[in-house]
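Here is what each chain is made of, one letter per residue.
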Amino acid sequence: MPKNKIARKPTTIDMTAMCDVAFLLLTFFMLTAKMKQEEPVKITTPTSIAEVKLEKDILTMTVDPKGRIFLSMDNHNYRQGLIARMNEQKQLDLTDKEMATFANTEAGFGVPLSKMKSYWGLPTRDRERYMAETADAGIPCDSTTNELSEWVLQARYAAAEVNPTAPLRFVIKADQNTEYEVIARIVQTLQDQKINRFNLITGLENDPNKKEGEE
Amino acid sequence: MAEISSEGGNKKHSGKVKGKKMSTRVDLTPMVDLGFLLITFFMLTTTLNKPSAMELNVPVKEKETVDPPPMKEGKVLTLLLDKNDKIYWYVGLSEAKLDSTDYSPEGVRKLLIDQRDRVARDYAQDSLRDVVVLLKPSNKSRYKNMVDILDEIHITEIKRYALLGISKAEEDYIKQPNAKLNDLMLKYAN
């Protein structure tokens, strides 16, 4: 009926507040999170109750389920030292540009020494594809050729040059389904160099001993 | 609809060219979309938690094989990890009987707890009444198997353990559980 017309209320909602919340969340994430490390290959680590957090300035050996080994170091100066030493010791004939690419790549790499020269000449996308697809990528570590041992030794020297007081820490990041044989050989290689303490990266698991809310 | 309006209410187009009053409302919906897109991007590409790490200490490799200190057989529990997530175990050496268990809490965790308590009870008079666990993964076992057992050892608070390689005698023992382990070891000792 015309007399009792219902007053039309506006149906628009003021979204200014929503916009503020969105940008606040965004700022929070930008300031508190760190960019994910590029991994050479996707790894699913096993879980454990260990809660010790990982440190900095370490050498990480990433092992994929096929047993290929990739090396990475998070310290830029260590990487620079390492490639300079390896270039000299093994006569890899790398140009300065290739060595600079190595030093600037934080993600791991895994190439036999014979392929080092050709690998570091490739652009980034090709390098990533090489590592993902080539079956014999990875640093060899078997009874006939153990190049991993060389890398580890030179890495320790390189780290000692930069930081003589803190010895290089070693970390193994292996997939759940990696055959134990590969791990045993890596551990053997480290033991031969008198490295007896290292860390294994694991996902977080609830400790059945701890009750809820206990520290 | 999102909007900032300098004045409320609708303003219709009045007339043609002159005196055209444009509305000053700004629709903020795309701004909000953009904000949430950026949030999603950052949520997916960054990580808030650092990966956790488990410590592993291995014994120092001596140049000459040093005989391990003699210890009472009953205190030693040997775990053999085989492929397909199988665990075989035996206690001691001369009277060893092979048994098997699995990775569930009722399996290996219960075994570790039982053995730990048994050794603590049976050897209560000794100065060292902890069980010693020898972990021997075979080459065909998965990395996950080794990490899970090390984890169980930490959970059951067993302090003395060693990570060793499996021997040929033990691999045979798994295939012939009724054989005497001592005989198999002697066979390979020459």
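Computed from a predicted model, the values in this text were never measured in an experiment.

**Student:** What's the story with the nonpolar core in this structure? I'm lost.
**Tutor:** Generally speaking, soluble globular proteins have nonpolar side chains that are buried together. Ranked by internal contacts, the top residues of the largest apolar core, which has 73 residues, are A:Phe109 and A:Trp151. With residues near it in sequence (within four places) discarded, A:Phe109 still touches A:Phe70, A:Leu71, A:Phe102, A:Met116, A:Tyr119, A:Trp120, A:Met131, A:Ile139 and A:Trp151. With 11 residues, the next largest nonpolar core counts B:Tyr88, B:Ala96, B:Ile166 and B:Ile174 among its residues.

**Student:** How should the side chain of A:Arg68 be read in this particular structure?
**Tutor:** Residues and elements named next belong to chain A. Its location among the elements puts arginine 68 in the loop between β4 (58–63) and β5 (69–73). Here arginine 68 falls in the buried class, since its relative accessible area comes to 5%. Residues contacting arginine 68, with those up to four places away along its chain left out, are Val41, Thr62, Val63, Met131, Ala132, Thr134, Ala135, Ala137 and Gly138.

**Student:** What am I meant to see in the interface of chain B and chain A here?
**Tutor:** Accessible area lost on assembly of the parts is the figure often given for the size of an interface. Between chain B and chain A, the contact holds 47 residues from the first and 55 residues from the second. Of the roughly 4,800 Å² buried between chain B and chain A on both sides combined, carbon and sulfur atoms contribute 63%. Remark: the boundary between chain B and chain A carries 0 salt bridges. Inspection of the region where chain B meets chain A yields 5 residue pairs in polar contact (both at pLDDT 80 or more). In terms of residue count, the dominant contributor to the side of chain B that touches chain A is helix α1 (residues 29–45) of chain B (10 residues). Counted by class, the side of chain B that touches chain A contains 26 nonpolar, 10 polar and 11 charged residues. Where strand β7 (residues 197–204) of chain A meets strand β2 (residues 52–57) of chain B, 6 bridges bridge the pair, whose relative direction is antiparallel. Within β2(B), the position partnered with A:Leu200 by the bridge is B:Met54.

**Student:** Any chance you could explain the sheet that holds strand β4 (residues 86–91) of chain B here in plain terms?
**Tutor:** By way of backbone hydrogen bonds, the strands of a sheet pair with one another, either parallel or antiparallel. All names here are of chain B. The 5 strands are arranged β5-β4-β3-β6-β7 in an open sheet whose pairing can be described as mixed. Strand pairing shows two members of the sheet lacking a second neighbour, β5 (99–101) and β7 (160–163), which therefore form its edges. Averaged over all pairs of adjacent strands, the angle between strand axes in this sheet comes to 25 degrees, irrespective of strand direction. Direction of pairing for strand β3 (residues 76–82) relative to strand β6 (residues 132–137): parallel, over a ladder of 6 bridges. Paired with leucine 80 across the two strands is lysine 136, which belongs to β6.

Rules and cut-offs
Residues numbered from 1 in each chain as written. Chains lettered and ligands numbered in written order. Predicted model: local features only at pLDDT ≥ 70, side-chain atom pairs only at ≥ 80, totals over all residues. Heavy atoms only, no water. Core = buried A, V, L, I, M, F, W, Y, C linked by side-chain atoms within 4.5 Å. Buried < 20%, exposed > 50% of the residue type's maximum accessible area, 1.4 Å probe, protein only. Contact = heavy atoms within 4.5 Å. Helix = DSSP H or I, 4+ residues; strand = E, 2+ residues; numbered from the N terminus. Buried area = accessible area lost by both parts, 1.4 Å probe. Salt bridge = Lys/Arg side-chain N within 4 Å of Asp/Glu carboxyl O. Polar contact = N/O pair within 3.5 Å; in protein donor to acceptor, adjacent residues only side chain to side chain. Nonpolar A, V, L, I, M, F, W, Y, C, P; charged D, E, K, R; others polar. Pairing = 2+ DSSP bridges. Axes fitted to C-alpha atoms, helices over the stretch in contact; angles between N-to-C directions.

All quantities given are derived from atomic positions and should not be read as evidence of function.
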